Amino acid sequence: MFDADRWREVFGVLNRNRLRTLLTGFSVAWGIFILIVLLGAGTGLENGLRENFKGEAMNAISVYGGFTQKDHGGVAAGREIRLAEGDPELVRGRIRGVGHMAPVIELNLETPVRHGREYGFFNVEAVCPENRHITRVEMIRGRYLNSVDMRETRKTAVVDDEIARALFGKAEAVGQSLLIGGIPFTVVGVFKRLSSFGSRTIYIPFATGQRLFQADRKISGFTYLVDGETPLAKSRLMEAGTRVALASKHRFDPSDKAALMTMNSQEESIMIRKLFTAIRLFLWITGIGTLIAGIVGISNIMLITVRERTREIGIRKAVGATPASVVGMVVTEAVLITVAAGYTGLVAGVATLELVQWIMAVTSAKAAESTDLLANFTVFLNPTVDFGIAVKALLLLSAAGVLAGFFPARRAALVKPIEAMRE
């Protein structure tokens, strides 16, 4: 129950040793502050990476040609493997479970993209309408490429919002024309790429790009989605099957990794999740280690306090104080220091994270107005700590305070009045 006399006595003892109390409390406050900031930083890093990858399909397999490093079929190594227009359908026919598939032609233009006096060298890709399911974008104005653009080989283009801002300024881009490789194209849409990775891009219809810029019917590569919730093992089998199917057509060794470059996004996403699990574990260990150091400091200080007050404790016991009351006095002092300092550190940690969020919000608002292509790349986002974790941290501190005071209190309770009077 609440004992006013005990609390007055505890506050009196702490007031008499103000410097010691402040330094002891600071070690605990610093420990919980570091724990909260580290956990918030880990959350911020994870949120930032998720934000950067949110526009990328996590169940996609991408395929690109390379150069052989092994002799095969009487042909020496060093041969370039160039994928052809029919390769995506060959893979679809050989492998079950293939979803949306999108070939791509990456145009290596020698002339910049122009609109009036404004120009720049941007990434230009010829893609099919299915590409929208793989490289996810948000249409801001206008529309995306469609089947009519493909069928009629229209000279239409959809541009990234950053490119639209660079070429057209504040004017409306949709309906305007721009020169790509010296050929006029009409802008039919402006999009915002959800992923922060990759170059800012202009998309034109695949059939148009093939007709105007790629007469040999070669493609740069293709990407297909794996249908449903396919396990990683099956996804790897599909990746291997893709390699075998194309190896038989282009005559290279299927084990030659350099001849055909493949990227399995599902495998990468699993690796990223494992990485962040390891980071969170490391941050917890580091933060709790710092907190334990502060708790040990409190325990040592309480041992010193008990040693200094040995004569006082002996007199208390001589006049009738019970061991439980002595234990309660010492434990109460330890818990008070621990909880008060811990709460201060917790508030300071949360306030620091809120300040970082505010600074990031201001920085993001300025970045949104910038034409820098890397301005919207997010490394750190919403560094917050879950409320449940904060409550658990306070409960942990309370338990740690009891533990820090118990052993010194136990020692105080075992003091014999006669021996204490001799001190």
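Residues numbered from 1 in each chain as written. Predicted model: local features only at pLDDT ≥ 70, side-chain atom pairs only at ≥ 80, totals over all residues. Heavy atoms only, no water.

Asks: Tell me about the side chain of Ser62, and name the residues and values.
Replies: Secondary-structure assignment places Ser62 in strand β1 (residues 60-65). Here Thr223 takes part through its side chain, which lies 3.0 Å from a polar atom of the side chain of Ser62. (Helix = DSSP H or I, 4+ residues; strand = E, 2+ residues; numbered from the N terminus. Polar contact = N/O pair within 3.5 Å; in protein donor to acceptor, adjacent residues only side chain to side chain.)

Asks: Describe the pattern of salt bridges, and please don't skip the residues or the numbers.
Replies: Scanning the model with the defined rule gives 10 salt bridges in all. Between Glu89 and Arg92 there is a salt bridge, with the nearest N and O atoms lying 3.6 Å from each other. Of this pair, Glu89 and Arg92 both sit in helix α3 (residues 87-94), 3 residues apart, roughly one helical turn. Residues Glu172 and Arg141 are paired through a salt bridge, measuring 3.1 Å at the closest nitrogen-oxygen approach. (Salt bridge = Lys/Arg side-chain N within 4 Å of Asp/Glu carboxyl O.)

Asks: Which residues make up helix α8 (residues 232-250), and what values go with them?
Replies: Its 19 residues give α8 an end-to-end C-alpha distance of 27 Å, which sits within 8% of 27 Å, the value for a rise of 1.5 Å per residue. Of all the residues in α8, the buried ones are Leu232, Ser235, Met238, Glu239, Thr242, Arg243, Ala245, Leu246, Ala247 and His250. Following α8 by one or two positions, Arg251 has its phi on the positive side, about 55°. (Expected span 1.5 Å × (residues − 1). Buried < 20%, exposed > 50% of the residue type's maximum accessible area, 1.4 Å probe, protein only.)

Asks: Please set out the pairing of strand β8 (residues 177-180) residue by residue, giving values where relevant.
Replies: Burial of β8 is one-sided: the residues Leu178 and Ile180 facing one way are buried, the residues Ser177 and Leu179 facing the other way are not. Pairing of β8 with strand β9 (residues 183-193), which is carried by 4 bridges, proceeds in the antiparallel orientation. Paired with Leu178 across the two strands is Phe185, which belongs to β9. Once β8 ends, the chain turns through 2 residues before running back antiparallel as β9, passing Gly181 with a positive phi of about 60°. (Pairing = 2+ DSSP bridges.)

Asks: Can you tell me about the side chain of His250, naming the residues and giving the values?
Replies: With respect to the helices and strands, His250 occurs in helix α8. The exposure class assigned to His250 is buried, which follows from its relative accessible area of 12%. At 2.8 Å, the side chain of His250 and the side chain of Asp87 are in polar contact.

Asks: Provide a residue-level description of the environment of Leu281, including the pertinent values.
Replies: Relative to the elements of secondary structure, Leu281 occurs in helix α9 (residues 265-308). Along the chain, Leu281 and Gly42 lie 239 residues apart, while their C-alpha atoms are 9.9 Å from each other.

Asks: Quick one: what's the story with the packing of α3 against α8, residue by residue and with numbers?
Replies: Packed helix pairs are characterised by how far apart their axes lie and by the angle those axes make with each other. Running from amino to carboxyl end, α3 crosses α8 at an angle of 125°, the nearest separation of the two axes being 9 Å. With respect to α8, the element α3 is oriented oblique. Here the hand of the crossing between α3 and α8 comes out right-handed. Of α8, the residues touching α3 (which contributes Asp87, Leu90, Val91 and Arg94) are Thr242, Ala245, Leu246, Ser248, Lys249 and His250. Partitioning the contact of α3 with α8 into residue classes produces 4 nonpolar, 3 polar and 3 charged. (Axes fitted to C-alpha atoms, helices over the stretch in contact; angles between N-to-C directions. Parallel < 35°, antiparallel > 145°, perpendicular 65-115°, else oblique. Left-handed = near helix turned anticlockwise from the far one by under 90°. Contact = heavy atoms within 4.5 Å. Nonpolar A, V, L, I, M, F, W, Y, C, P; charged D, E, K, R; others polar.)

Asks: Describe the packing of aromatic side chains, listing the residues and the values that go with them.
Replies: Evaluation of the coordinates by the stated rule reveals 5 aromatic pairs. Grouping aromatic residues by their ring pairs yields a cluster made of Phe26, Trp30 and Phe33. Against the face of Tyr119 rests Arg114, its NZ or CZ located 4.7 Å from the ring centre. (Phe/Tyr/Trp six-rings, centres within 6.5 Å; stacked < 30°, edge-to-face > 60°. Lys NZ or Arg CZ within 6 Å of the ring centre and 35° of its normal.)

Asks: Which residues make up a nonpolar patch on the surface, and what are the values?
Replies: Taken together, Leu355, Trp358, Ile359 and Val362 make up a surface patch of nonpolar side chains, about 410 Å² in accessible area. One can find Val362 in helix α11 (residues 323-368). (Patch = residues over 30% accessible without salt bridge, like charges linked within 9 Å, V, L, I, M, F, W, Y side chains within 5 Å. Areas by Shrake-Rupley, 256 points an atom, 1.4 Å probe, with all protein chains shown as cover.)

Asks: Go over unusual backbone geometry, please, and point to the residues and values.
Replies: Look at Thr153: it is not a glycine, yet its phi comes out positive at around 45°. The topology assignment puts Thr153 in the loop between α5 (147-151) and β7 (156-160). Of note, Arg251 is a non-glycine position whose phi angle comes to about 55°, a positive value. Topologically, Arg251 is positioned in the loop between α8 and β12 (260-264).

Asks: I'd like to hear about the environment of Val174, residue by residue, with values.
Replies: Structurally, the position occupied by Val174 is in the loop between α6 (161-168) and β8. What makes Val174 partly exposed here is its relative accessible area of 29%. In this structure the C-alpha to C-alpha distance between Val174 and Val187, which are 13 residues apart in sequence, comes to 5.1 Å. Among all residues touching Val174, those that are not within four sequence positions of it are Arg141, Gly142, Val187, Val188, Gly189 and Val190.

Asks: Which residues make up empty space enclosed by the protein, and what values do they have?
Replies: For the structure on display, the rule yields 2 cavities of 30 Å³ or more. Considering only enclosed or pocket space, the largest cavity measures out at about 50 Å³ in volume. Taken together, 10 residues form the lining of the largest cavity, with Leu14, Arg20, Thr21, Thr305 and Glu333 sitting closest to its centre. Taken together, the elements giving at least two residues each to the lining of the largest cavity come down to α1 (4-16), α2 (18-53), α9 and α11. Ranked by residues supplied to the lining of the largest cavity, first place goes to α9 with 3 residues. A breakdown of the residues in the lining of the largest cavity according to their chemical character gives 5 nonpolar, 3 polar and 2 charged. (1 Å grid on protein atoms, 1.4 Å probe; cavity = no way out; pocket = protein on both sides within 12 Å on 5 of 7 lines; lining within 4 Å. Points joined across faces, edges and corners; volume = space filled by probe spheres on them.)

Asks: Could you give me a rundown of helix α7 (residues 206-213), with the residues and numbers involved?
Replies: Here α7 has its buried residues at Phe206, Ala207, Thr208, Gly209 and Gln210. Considering only its buried residues, α7 is in contact with β2 (98-107), β5 (123-127), α5, β9 and β10 (201-205).

So far we have only geometry, and geometry alone does not tell us how the molecule works.
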